[in-house]
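Spelled out, the chains give:
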Amino acid sequence: MILTSKSNPIIKTVKSLADKKFRQSLNLYVVEGVKSVEECLLAGCKIDKIICTEKWQDRFQNPVVVSDEVFKTVSTEKTPQGVLAVVQIPQPELKAPSGDCLLLDCLQDPGNLGTVIRTANAAGYEDIYLINCTDPFSPKAVRASMGGIFRVNLYRADRAEIFKFLSGVPLICADMNGEDVFKFSPPEKFCLCIGNEGNGISDEVSARADFTVKIPMRATCESLNAAVSAGIAMYALKNHK
């Protein structure tokens, strides 16, 4: 059976997940695109349902098949491929990091957040702590993570709670007034902190910093994009151990 009604309850639910309020209340988010959905399945994420057009119905197990027109109404892509998954938002119990980790302090751009998650997965930072960040499960953040969001642990809590679990883990803050990250020798285990796009590291987090590092730049460049800075720092610190 092919769903052709845009007012079908399943379709209404999927459309509602574009809104953070409904993602939180239903504890669900959307992954879109053939490759992304397949990676999501491969990573063992808890899939609520897969929705696809007739073209893809044999590629996935027990999908909800919809017309092309209906799919366009639930897609957030400019050129929809015709496949999406509704996925349970993981709720990992807050714990101490198993290795080097990231602390993201008030990142507000979903594209930046998703890119940081993507790079963290590539560089081997499995535990990511988020303080007052934008929603990592928004469509734009999920898209920018390129599957990285399925492979890392995201812990969202307030500063006091997070710092309880980071006790004893040296905190390295990325800041323009720090030491050259390419000449810095990090401790055996550390937490790299990346601050807000416009305001940098908050005073509360900065006060807890054990080290501060910067990325050297030409005088003609005022700053780097937060996600780019995070990526450079992640690899520089890993390579200088």
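Details of the structure are given in the entry above.
Residues numbered from 1 in each chain as written. Predicted model: local features only at pLDDT ≥ 70, side-chain atom pairs only at ≥ 80, totals over all residues. Heavy atoms only, no water.

Chemist: Looking at this structure, I do not really get the pattern of salt bridges. What am I missing?
Modeler: Opposite charge on two side chains makes pairing possible when the charged atoms of those side chains draw close. Across all of its chains, the model carries nine salt bridges by this definition. One salt bridge connects R59 with E38, and the closest N-O pair in it is separated by 2.7 Å. Residue R59 is located in the loop between β2 (47-53) and β3 (64-66), and its partner E38 is located in helix α3 (residues 34-42); the two are separated by 21 residues in the primary sequence. Classification of E38 as partly exposed rests on a relative accessible area of 30%. In this structure, the salt-bridge partner of D100 is K238, at a minimum N-O distance of 3.3 Å. Residue D100 is located in the loop between β4 (83-88) and β5 (101-105), and its partner K238 is located in helix α9 (residues 226-239); the two are separated by 138 residues in the primary sequence. A relative accessible area of 7% means that D100 is categorised as buried. (Salt bridge = Lys/Arg side-chain N within 4 Å of Asp/Glu carboxyl O. Helix = DSSP H or I, 4+ residues; strand = E, 2+ residues; numbered from the N terminus. Buried < 20%, exposed > 50% of the residue type's maximum accessible area, 1.4 Å probe, protein only.)

Chemist: Quick question: what am I supposed to make of unusual backbone geometry here?
Modeler: Residues apart from glycine generally show negative phi values, whereas peptide bonds are mostly found in trans. Not every positive phi belongs to a glycine, and C106 is a case in point at roughly 65°. Tracing the backbone shows C106 in the loop between β5 and α5 (110-123). Residue C106 is classed as buried on the basis of its relative accessible area of 17%. Residue M146 is not a glycine yet carries a positive backbone phi of 50°. The class for M146 is partly exposed, based on a relative accessible area of 47%.

Chemist: Would you mind going over the sheet that holds strand β8 (residues 171-180) with me for this structure?
Modeler: The strands making up a sheet associate through hydrogen bonds between their backbones, and the pairing can be parallel or antiparallel. Taken in spatial order, the six strands make up an open sheet running β7-β6-β5-β9-β8-β10, and their pairing is parallel. Bordering the open sheet on either side are β7 (153-156) and β10 (211-214), each of which pairs with just one other strand. Along the sheet, successive strands turn relative to each other by an average axial angle of 35°, direction set aside. Of the strand pairs in this sheet, strand β6 (residues 127-131) and β7 are connected by four bridges, and their pairing is parallel. Across the sheet, D127 pairs through a bridge with N153, a residue of β7. Taken strand by strand, α5 contacts β5, β6 and β7, and its axis lies near 170° from that of β5. Strands β5, β8 and β9 (191-194) of the sheet are contacted by α9, whose axis makes an angle of about 165° with β9. (Pairing = 2+ DSSP bridges. Axes fitted to C-alpha atoms, helices over the stretch in contact; angles between N-to-C directions. Contact = heavy atoms within 4.5 Å.)

Chemist: What should I look at first to understand α3 in this one?
Modeler: Because each turn of an α-helix spans 3.6 residues, side chains separated by three or four positions in sequence point in the same direction. Listed as buried for α3 are V34, V37 and C40. Buried residues in α3, looked at end-on, bunch into an arc of 130°, giving them a common side. Turned more than 90 degrees away from the buried face of α3 sit K35 and L42, all of them exposed. On the buried face of α3, the contacting elements are β1 (28-32), β2 and β4. (Arc of directions from axis to C-beta.)

Chemist: Would you explain the environment of G195 in this entry?
Modeler: Locating G195 in the fold gives a position in the loop between β9 and α8 (203-206). Setting aside residues no more than four positions away along its own chain, G195 makes contact with D105, L107, G200 and I201.

Chemist: Looking at this structure, how should I read the packing of aromatic side chains?
Modeler: Where two aromatic rings form a pair, the distance of their centres and the angle of their planes describe that pair. Per the stated rule, a full pass over the model turns up four aromatic pairs. Taken together, a centroid distance of 4.8 Å and an interplanar angle of 55° make the contact between Y29 and F137 tilted. One end of the pair, Y29, is in strand β1; the other, F137, is in the loop between β6 and α6 (139-145), with 108 residues separating them in the sequence. Overall, the relative accessible area of 2% leaves Y29 in the buried class. (Phe/Tyr/Trp six-rings, centres within 6.5 Å; stacked < 30°, edge-to-face > 60°.)

Chemist: Whenever I open this one, the nonpolar core confuses me. Can you help?
Modeler: As a rule of thumb, nonpolar side chains are buried together in soluble globular proteins. One finds Y29, L102, L104, I128, L192 and M234 to be the most contacted residues of the largest nonpolar core, which totals 46 residues. Considering every element that reaches this core, the biggest residue donor is α9, with seven residues. Once residues lying within four places of it in the same chain are set aside, the contact partners of L192 are C101, L102, L103, I172, A230, A233, M234 and L237. (Core = buried A, V, L, I, M, F, W, Y, C linked by side-chain atoms within 4.5 Å.)

Chemist: Any chance you could explain the pairing of β4 here in plain terms?
Modeler: Consecutive side chains of a regular strand alternate in pointing toward one face of the sheet and then the other. Burial analysis of β4 places five of its six residues in the buried class, the great majority of the element. Examined bridge by bridge, β1 and β4 share five bridges and lie antiparallel to one another. Each residue of the ladder has a partner; that of E32, found in β4, is L84. With five bridges connecting them, β2 and β4 associate as antiparallel partners. Looking at β4, one finds that K49 is bridged to V86.

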